[in-house]
Structure formats: structure tokens, C-alpha cells
Amino acid sequence: MRTFHNILVTGGAGFIGSNFIRYVFTKTSFAGRMVNFDKLTYAGNPHSLADIASAYGERYHFVRGDIAESTQVAAALRDHEVDAIIHFAAESHVDRSIHGPGDFIRTNILGTFTLLQAARELWGDRKDVLFHHVSTDEVYGSLGDTGKFLETTAYDPRSPYSASKASSDHLVQAWHHTYGLPITMSNCSNNYGPYHFPEKLIPLMINNLLTGKTLPVYGDGKNVRDWLYVEDHANAIWAIVTKGSIGETYNVGGENEWQNIQLLEVLIETVARLAGRNLADLRNLITYVKDRPGHDRRYAINCHKLKTELGWAPSVTFEQGIEKTVQWYLDNQAWVAQVTSGDYRKWVDANYARR
Ligand code: NAD
Ligand code: TDX
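Quantities reported herein were computed from a predicted structural model and do not represent experimental measurements.

## A short note on the sheet that holds strand 9 (residues 224-229)
In a beta sheet, neighbouring strands pair by backbone hydrogen bonds and run either parallel or antiparallel.
And step 1. The 3 strands lie next to each other as 7-9-11, forming an open sheet whose pairing is mixed. Across the chains shown, the open sheet's two edge strands, defined by having one partner strand only, are strand 7 (190-192) and strand 11 (257-259). Pairs of neighbouring strands in the sheet enclose a mean axial angle of 50°, with direction left out of account.
And step 2. Taken together, the 3 bridges between strand 9 and strand 11 define a ladder with antiparallel strand orientation.

Listed below in C-alpha cells is the structure:
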């Protein structure tokens, strides 16, 4: 099992990165330090890790920085004697990538290139280091009614977001094959859980159900996604970082496919039960809207390699995960209100100096 002293997590103030940092501190034997390097875009919320910052003192350190700025990246890696990088930072929302692809090209492609170069420059030929790249199943394109994505499935990205992630995946592989950089990679299906910014399907729908807003279903509502509870993505990444073979990609998935409209019915039923709302009133909020351009029809992951080689298995069922998630949003309406408010973004800028 590989061990590290100083791990730099990029994008640790976002949804999956913050859950990953919490998971490593609270549920693994990791004894070193973690540096959270994050630009704090609209999707980055320092409050998501307030508990960890106060509980783990010197072992958790936050740096506000941009992965596409080479001097900022090099300084963070050098100053903290980083021996592993776990790279989450990205622009992550498909709809935003359709309306404004520029930030996706800059952060996801140029940012990954900048990190790879900085890692090479700092580490040289060292083999006791690791660059783990967090990616998505969307790089494989869209499936028909049958079949699942394997690690060997040819890339076929179709949105500006997935094309930028596919590009970053290729860069990471190239830096391994050409320069010998020790890397691992994971391509995961749709995540859900606490601290998910309320623009993505599940947190948006829960929030709209709780506030009585309409539920916008794109197209016919029959697009299929494979859902995984975020802590199970975190423990998969930890398994790959500590035990995965260098140079390898591991697919991570929930084996849990839902049509969007069927998933919405589960959310409606869960919110009605946990929040004491009327089922029929909630169902009346469903509104079919214009489809997303280029909307991928179906994603499904085959994660046999991760299960058999690294012994990974999800820790919660879908029913448990959805229940925990709806309850979390019920208990944390203040977090939702905070991270979506303009005043919060002003507070972030005033309190977290840009380098
Ligand atoms: P997110 O949008 O919630 O968080 C992204 C984080 O990156 C934010 O904290 C943001 O401030 C930070 N960031 C953005 N640009 C940056 C920059 N230039 N420099 C430094 N930090 C920057 O995203 P997420 O849903 O947590 O996704 C994390 C990673 O996992 C992404 O690489 C994404 O492609 C991948 N992924 C996500 C899912 C999913 O379902 N959400 C599934 C598979 C893979
Ligand atoms: O309002 C909505 N209505 C709707 O019908 C939204 C926001 C989404 N949808 C549909 C589109 C998709 O079929 O729901 C499905 C899920 O949409 P998103 O939550 O936007 O996720 P998706 O586009 O599948 O991408 C997500 O999973 C893979 C993440 O955002 C990516 O970062 C990740 O790589």
C-alpha cells in the first residue's frame, strides 16, 4: 500500500473534492497533511470544509489558487513538499459548458497541462510520488439501450465539457507514457450526496421541491444516468491512489441506472415522506422543458476491474444514499441559501486573498 506525506488536492472546495477530503481525514488511516488548492469559483465553498479546518488544524491547509497559473501551482507544490496530487479541479456543469465553453478549455485543459508540467518539474524522475486524475464517464460518449462503458471503450466526447475532460485525460496519459510521470486515473459516473451545488439534477430538484419551484425535465425525461453516492466515489479514489497500478485507469460506477423521470419520482416520494409534504402537490411541479443540445442518452459503467483488482464495493445502497441526501438538504437549507447568494461570493473574495 502506497503512503504519502503531503497530498495536494485540487478543487477540494467543490462537491466531490470536499467529500473526498472529509472522507480521508475521518475514515482512513492517513496521517499526513492535505493542502486544498482551489480557485473558489462559484462552485467552490470554503464553508463545506469548516468542520475539517477546525478539527484537523495544521494537517489541513487551504490555498486559494488557479491551476492554470503556473507560478501559483509551482509555489504550492514546492512550499508544501507535495508528494501526491489528486486532481479534482474542473469546470463541471454540462449546461454551463454549452453556454460558455471558454472557462472549460482554460481550467480543464490548460489547468491540467499546467499541473502536469509543475509536477514533472518538481518531481523529476521520482517514483515515490503520484498524480491521480479524476475524470468522468462522459468521455466515452453516449450509449444505446444496452452495453456499458469499459476502461477500453474508445473516447467519443460530445459536449464541450466532456471534450475538455477527454483532452485532459489524454494529457495525463501522455505525461505518463512520454515522461514517466507516475499516474493513476478514474472515470466515474454521476455522483450525488451532500454539498452538491444546486445546479445539477439531484440537488436542483430537491431544492425546488422544498421551495415549491417547478421541476424542469429536459426532453422526454428518459435519458439514463448511473448514480453513485459521493462517499463511495471518495473511497474508490482512495483505493486507487493507495493500491492501484501505476499508469492504469479504473472505471467507477454505481451499477444503478435511472431514467431522469423515474429518479425524479423517487426524489418526490422521499421529500414528501421526510419533509411531510403532499405527494400530488409535488408531482404537479414537474415541467417538461426544451431538451439540452446534444443531450447524451445513456451512461452506464462497468466497474468490474475496480471491484476485482482493488476489492472495492459501494458502502450504501441507492435507497440509503437518496435518503441521506434528501435529509442532508433538509438539514442544510442554510448552506444552499449561502452558496447561491451574491453576498457569499463577496464574502469569499474579502476573506480569501487571491495569490
Ligand atoms: P464542482 O464544480 O463541484 O467543483 C469544482 C471545484 O474546482 C470548485 O471548488 C472550484 O472552485 C474548483 N476550480 C474550478 N476551476 C479552478 C481552477 N482554475 N483552479 C483551481 N480550482 C478550480 O465539481 P465536482 O462535481 O466536485 O467534480 C470534481 C471532479 O470530478 C471534476 O474533475 C469532474 O469532472 C469530476 N467528476 C464529477 C462527477 C459528478 O457527478 N459531479 C462525476 C465524475 C467525475
Ligand atoms: O434541470 C435539469 N433537468 C434535467 O432534466 C438538469 C440540471 C439536468 N437534467 C438532466 C440532464 C441529464 O440527463 O438530468 C441528467 C443529469 O444532469 P446533470 O446533473 O447536469 O449531470 P450530467 O450532465 O449527467 O453530468 C454530471 O455527471 C457527470 C456532472 O455534472 C458531470 O460533472 C459529471 O462528469
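Once you've had a look at it, read on.
## Considering the confidence of the model for the protein
And step 1. Per-residue confidence for the protein averages 97 on the pLDDT scale, and 100% of its residues sit at or above 70.
And step 2. By mean pLDDT, the top-scoring element of the protein is strand 4 (residues 84-87) (99), and the lowest-scoring one is helix 14 (residues 342-351) (92).

## Describing the packing of aromatic side chains
And step 1. For the coordinates displayed, the defined rule picks out 23 aromatic pairs.
And step 2. Geometrically, the ring pair formed by Tyr140 and Phe149 is tilted, given 5.1 Å between the ring centres and 35° between the ring planes. Each member of the pair, Tyr140 as well as Phe149, is classed as buried.
And step 3. Feature note: the residues Phe20, Phe25, Phe30, Tyr56, Phe88 and Trp238 constitute an aromatic cluster, connected by ring pairs.
And step 4. The ring of Tyr42 carries the charged tip of Arg96 above its face, separated from the ring centre by 3.5 Å.
And step 5. Above the plane of the ring of Tyr250 lies Lys305, whose end atom (NZ or CZ) is 4.8 Å from the centre.

## Some details on unusual backbone geometry
And step 1. Look at Tyr195: it is not a glycine, yet its phi comes out positive at around 65°.
And step 2. Residue position: Tyr195 is located in the loop between strand 7 and helix 7 (201-211).
And step 3. The exposure class of Tyr195 is buried, given its relative accessible area of 15%.
And step 4. For Glu255, which is not glycine, the phi torsion reads 50° and is therefore positive.
And step 5. Assignment of secondary structure puts Glu255 in the loop between strand 10 (249-252) and strand 11.
And step 6. Taking relative accessible area as the criterion, Glu255 reaches 45% and is therefore assigned partly exposed.

The rules behind the values
Residues numbered from 1 in each chain as written. Chains lettered and ligands numbered in written order. Predicted model: local features only at pLDDT ≥ 70, side-chain atom pairs only at ≥ 80, totals over all residues. Heavy atoms only, no water. Pairing = 2+ DSSP bridges. Helix = DSSP H or I, 4+ residues; strand = E, 2+ residues; numbered from the N terminus. Axes fitted to C-alpha atoms, helices over the stretch in contact; angles between N-to-C directions. pLDDT = per-residue confidence, 0-100. Phe/Tyr/Trp six-rings, centres within 6.5 Å; stacked < 30°, edge-to-face > 60°. Buried < 20%, exposed > 50% of the residue type's maximum accessible area, 1.4 Å probe, protein only. Lys NZ or Arg CZ within 6 Å of the ring centre and 35° of its normal.

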